[in-house]
Amino acid sequence: MEPLDVAVVVITQNRRARLLATLDRLCGLEERPHVVVVDNGSRDGTPQAVAAAFPRVELIALERNIGAAARNVGVSATRSPFVAFADDDTWWESGSVRRAAAVLDRYPVAGVVNARIVVEPDGDEDPICAELAHSPVPSPAAGLPALVSFLAGASMVRREAFTAAGGFSPRLLIGGEEELLAADLLSAGWAIVYCDEAVVHHAPSPHRDPDLRRLQGIRNTLWFTWLRRPLASALVRTGRILGSVPWDMVTARALAQAARGTPWVLRSRRVVPDVVEAQYRLIDRGQFRSEARRYVS
């Protein structure tokens, strides 16, 4: 089978063993994509291990952790029209890169394809997938649900759309970082679609810091809300956020960080068009009832 002109960008930090196992799978894909690893300043020998074990993988070793913005660096290192993302604990099933690329090729309005996620080691479908598959958002792609955001580690982007939207904000690091980029893609007229025939496997790392992820997720969700939603919607959504999170020191720190970012938020605020806001309103209430989206640790 001929290789596709597709790249896979993997971001990582201090998870050498998990990354090497992921790269073994990605390098064995039938599509033979160009694999780019962007290391976020690891101190556990990750860059050296990748260079030794996978000399054909393009390695970019950053001096410091820039979070999700490392994907921007990876995208800029390849000229492929379609770029799939993976984390060091996610990998694409063989054939799925081709299926996601076919969606982008068939639907020029699609800027992002979100794959179906299978959680390892049990092979169960991630609960979020049921919500994605039954999204109420009107879709421009026949038979494919349309979304208002996506999960970066299980997605493929159209390079043109991603670059024009500016990629991931370095301000957000990791944790709900997709929502802001998704808003800017939708505002520019791109669609985000879900394809359950494309499969990404996720083996959650035991080395994650759940409190840090929750802190950054709450902070980033609040920032996004006030960066892009109209005033009335932002007030309602903020109330729902505050009513859905545990009230503890992690949440207190998240709120403090969010408050410190107020000057940046006000300078950068750009409300989405009415057509995009209408899509958000279709899913707003359901998001805060979802067990798959709760901020807990």
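Residues numbered from 1 in each chain as written. Predicted model: local features only at pLDDT ≥ 70, side-chain atom pairs only at ≥ 80, totals over all residues. Heavy atoms only, no water.

Engineer: Even after reading the chapter, I still don't get the pairing of strand E4 (residues 82-87), so can you show me in this structure?
Structural biologist: In summary, the side chains of a regular strand alternate between the two faces of the sheet. Counting buried positions along E4 yields six of six residues, so the element is predominantly enclosed. Here E4 shows a buried face lined by Phe-82, Ala-84 and Ala-86 and a second buried face lined by Val-83, Phe-85 and Asp-87. Sheet topology note: the E4/strand E9 (residues 155-158) ladder contains three bridges and is antiparallel. Along E9, the bridge assignment pairs Val-83 with Val-157. (Buried < 20%, exposed > 50% of the residue type's maximum accessible area, 1.4 Å probe, protein only. Helix = DSSP H or I, 4+ residues; strand = E, 2+ residues; numbered from the N terminus. Pairing = 2+ DSSP bridges.)

Engineer: Help me understand the pairing of strand E6 (residues 110-119), please; the structure alone is not making it clear to me.
Structural biologist: Counted residue by residue, E6 has eight buried out of 10 residues, so it is predominantly covered. Here E6 runs beside strand E10 (residues 191-202); their pairing, made up of nine bridges, is parallel. Bridge pairing in E10 places Ala-110 opposite Ala-191. Bridge analysis of E6 against E9 gives three bridges, and the strand direction is antiparallel. Opposite Val-112, over in E9, you have Val-157 as the bridge partner.

Engineer: Would you mind showing me how to read the packing of aromatic side chains here?
Structural biologist: Aromatic ring pairs are defined here through the distance separating the ring centres and the angle between the ring planes. Under the criterion given, the structure shown has six aromatic pairs. Each ring, one from Trp-223 and one from Trp-264, has its centre 5.2 Å from the other, and the planes form 75°; the classification is edge-to-face. You can see Trp-223 sitting in helix H8 (residues 210-228) and its partner Trp-264 sitting in helix H11 (residues 262-268), a full 41 residues away along the chain. Here the two residues Trp-223 and Trp-264 agree in accessibility, since each one is buried. A ring pair is formed by Phe-224 and Tyr-280, whose centres lie 5.9 Å apart and whose planes are at 65°; its orientation type is edge-to-face. Remark: Tyr-280 occurs in helix H12 (residues 274-287) and Phe-224 occurs in helix H8; sequence separation between them is 56 residues. These aromatic residues form a ring-pair network of at least three members: Phe-85, Phe-150, Phe-162 and Phe-168. The aromatic ring of Phe-85 is capped on one face by Arg-71, whose charged end is 5.8 Å from the ring centroid. When the ring centre of Trp-223 is taken as reference, the NZ or CZ atom of Arg-171 above it lies at 5.7 Å. (Phe/Tyr/Trp six-rings, centres within 6.5 Å; stacked < 30°, edge-to-face > 60°. Lys NZ or Arg CZ within 6 Å of the ring centre and 35° of its normal.)

By themselves these figures say nothing about function.
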